[in-house]
Amino acid sequence: MAESTNEQLKLLKRGAVDIFNEKDLATRLKEAAETGRQLRVKLGMDPTAPDIHLGHTVVMRKMRQFQDAGHKAVLIIGDYTALIGDPTGQNSTRPMLSTEQIKQNAQTYIDQAGKILDTSEDKFEVHPNSEWLAGLKLVDIIKLTSTMTVARMLERDTFDIRYKAGEPISIHEFLYPLMQGYDSVMVEADVELGGTDQTFNNLVGRDLQRVNNQKPQIVMTMPILVGLDGKEKMSKSKGNYIGVTDEPNDMFGKVMSISDEMMENYFTLLTDLPTEKIAELIDPSKTHPKEAKVLLGKTIVETFYDANAAETAAAEFNNVFAQNQLPSDIAEIEMSAEPVAAAKLLSICGLVNSGGEAKRMIKQGGVTIDSEKVSDPNQPITPAGEMIVKVGKRKFAKLVVK
């Protein structure tokens, strides 16, 4: 039994940055094995955007490892805390979302969580934290705030930086870590998972559990996945993300665009390949970087689709980029032979998400029409015959005059 617990601990530690603390985790795993009790492993997600990207899945994959070891995932959809807005990583007060926005985003989070987590009843619970937070009275909130000092709150780097710079910090922002910590009390979490940017919030959960005579949860933090630009964390707002609902070809193509230096991070955090195998893949003397990256791309696509989709995406990528062919599924857009501004044309073709993105791609030199680069967003384009519009390296459309 001890050997089994040690193996569990070894797997669960993989990729983690900090564990508060490892000894307690080992003890709790051993007790769970001896008693047959499932550990309750909490992950909170505020539905502040409509989709999940691979950055979110780093922590969710760790939660799945706990499930595979026999424990229960407790997913908290922060529909109520999202009304406050998590100040983590923010240099200014984050605007609150509407209730309707939060409701719509929450449903997509639950649906997409099933791509990573085992959602069978004995392995999975999901709770909106409005279940308990919406019913708190003023006296309850005052009692909750009495457990935390202003000095403790200012230990959080984002608050400290803003305070010293004389920038405003709204009182409601102090409530956020308390509310997140209260979630841990309400679900009696044994373990809380989060990115390194959530360390402060998760440790507050330990404090509140002690106050409420519960055994404090183990906190395990995971690295922040670097985005496609290789510089900043993966984020939809920065446009450097791979969405879990991206089409296989697009998902594979995005993986192929990352730098060779990023592969170890992606292999470790996004796949189940053994550490020894990863070491071979990232060693150019043993594996060609392109071969390793193709394997990474196929592994990630297979995670969200299947092996056939992964092979098809790899073959399509090879046709388009190695053989310089057009994609087999290129969209055909019917248009009249009337001039249209280049930026607007990209939107009509569905190759960008917004007019702003269209202008940015054109100014960055990422747009061609019939292999000719477009440099002015307002340049009039008159469709004639069949024209191939290309945005970046992976997005194509064929214009056909009505």
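Look a little higher up for the structure.
Right, let's walk through the structure included here. A quick note: this is a predicted structure, and the numbers were derived from the prediction, not measured.

**Some details on the sheet that holds strand 12 (residues 386–391)**
Reasoning step 1: Strand order in the open sheet formed by five strands is 7-13-12-9-10, with mixed pairing between adjacent strands. Two strands in the sheet have a free side with no partner beyond their single neighbour: strand 7 (331–335) and strand 10 (372–373).

**Comments concerning the packing of aromatic side chains**
Reasoning step 1: The tally for this structure, following the rule as stated, stands at two aromatic pairs.
Reasoning step 2: A ring pair is formed by F159 and F174, whose centres lie 5.0 Å apart and whose planes are at 80°; its orientation type is edge-to-face. One end of the pair, F159, is in helix 9 (residues 157–164); the other, F174, is in helix 10 (residues 171–187), and 15 residues separate them in sequence. In this pair, the class of F159 matches that of F174, namely buried.

**What to know about the sheet that holds strand 4 (residues 124–128)**
Reasoning step 1: Taken in spatial order, the six strands make up an open sheet running 1-6-5-2-3-4, and their pairing is mixed. At either margin of the open sheet sits one strand with a lone partner, and together these are strand 1 (18–20) and strand 4. Within the sheet, the average angular offset between the axes of one strand and its neighbour, ignoring direction, is 20°.
Reasoning step 2: One ladder, built from six bridges, connects strand 2 (residues 40–45) with strand 3 (residues 72–77); its direction is parallel. Across the sheet, residue K42 finds its bridge partner in strand 3, namely V74.
Reasoning step 3: Against the sheet, helix 11 (residues 199–211) makes contact with strand 1, strand 5 (191–195) and strand 6 (218–222), and its axis sits at roughly 170° relative to strand 6, the strand it touches most.

**Details of the pattern of salt bridges**
Reasoning step 1: All chains considered together, the criterion is met by 20 salt bridges.
Reasoning step 2: A salt bridge links K13 to E22; the nearest nitrogen and oxygen atoms lie 3.1 Å apart.
Reasoning step 3: Classification of K13 as partly exposed rests on a relative accessible area of 34%.
Reasoning step 4: On the accessibility criterion, E22 (33% relative accessible area) is partly exposed.

**Details of the nonpolar core**
Reasoning step 1: Membership of the largest hydrophobic core comes to 60 residues, with the highest contact counts inside it found for L25, L54 and Y266.
Reasoning step 2: Element by element, the count of residues in this core is highest for helix 3 (residues 54–68), at six residues.
Reasoning step 3: In this structure, L25 is in contact with L9, I19, F66, V191, I218 and M220, ignoring residues within four places of it in sequence.
Reasoning step 4: In terms of nonpolar packing, the next biggest core, distinct from the first, is built from 22 residues, M335, C349, A358 and I369 among them.

**Details of helix 3**
Reasoning step 1: Compared with the 21 Å implied by 1.5 Å per residue over 15 residues, the 20 Å span of helix 3 between its first and last C-alpha is a close match.
Reasoning step 2: Among the 15 residues that make up helix 3, 12 are buried, leaving the element largely enclosed by the rest of the structure.
Reasoning step 3: All of the buried residues along helix 3 are L54, G55, T57, V58, V59, M60, R61, K62, M63, Q65, F66 and Q67.
Reasoning step 4: Immediately downstream of helix 3, the backbone of G70 shows phi near 105°, a positive value.

**Focus on empty space enclosed by the protein**
Reasoning step 1: One pass over the full model with this rule turns up two cavities of 30 Å³ or more.
Reasoning step 2: By volume, the largest cavity amounts to about 90 Å³.
Reasoning step 3: Surrounding the largest cavity, R14, G15, V58, R61, K62, Q65, M222, T268, L269, T271 and D272 form its lining.
Reasoning step 4: Looking at the lining of the largest cavity, the elements with two or more residues in it are helix 3 and helix 13 (263–270).
Reasoning step 5: With four residues, the top contributor of residues to the lining of the largest cavity is helix 3.
Reasoning step 6: Partitioning the lining of the largest cavity into residue classes produces three nonpolar, four polar and four charged.
Reasoning step 7: Counted as a void, the second largest cavity has a volume near 50 Å³.
Reasoning step 8: Along the walls of the second largest cavity sit L54, T57, R61, I116, L270, I300, T303 and F304, which together make up its complete lining.

The rules behind these values
Residues numbered from 1 in each chain as written. Predicted model: local features only at pLDDT ≥ 70, side-chain atom pairs only at ≥ 80, totals over all residues. Heavy atoms only, no water. Pairing = 2+ DSSP bridges. Helix = DSSP H or I, 4+ residues; strand = E, 2+ residues; numbered from the N terminus. Phe/Tyr/Trp six-rings, centres within 6.5 Å; stacked < 30°, edge-to-face > 60°. Buried < 20%, exposed > 50% of the residue type's maximum accessible area, 1.4 Å probe, protein only. Axes fitted to C-alpha atoms, helices over the stretch in contact; angles between N-to-C directions. Contact = heavy atoms within 4.5 Å. Salt bridge = Lys/Arg side-chain N within 4 Å of Asp/Glu carboxyl O. Core = buried A, V, L, I, M, F, W, Y, C linked by side-chain atoms within 4.5 Å. Expected span 1.5 Å × (residues − 1). 1 Å grid on protein atoms, 1.4 Å probe; cavity = no way out; pocket = protein on both sides within 12 Å on 5 of 7 lines; lining within 4 Å. Points joined across faces, edges and corners; volume = space filled by probe spheres on them. Nonpolar A, V, L, I, M, F, W, Y, C, P; charged D, E, K, R; others polar.

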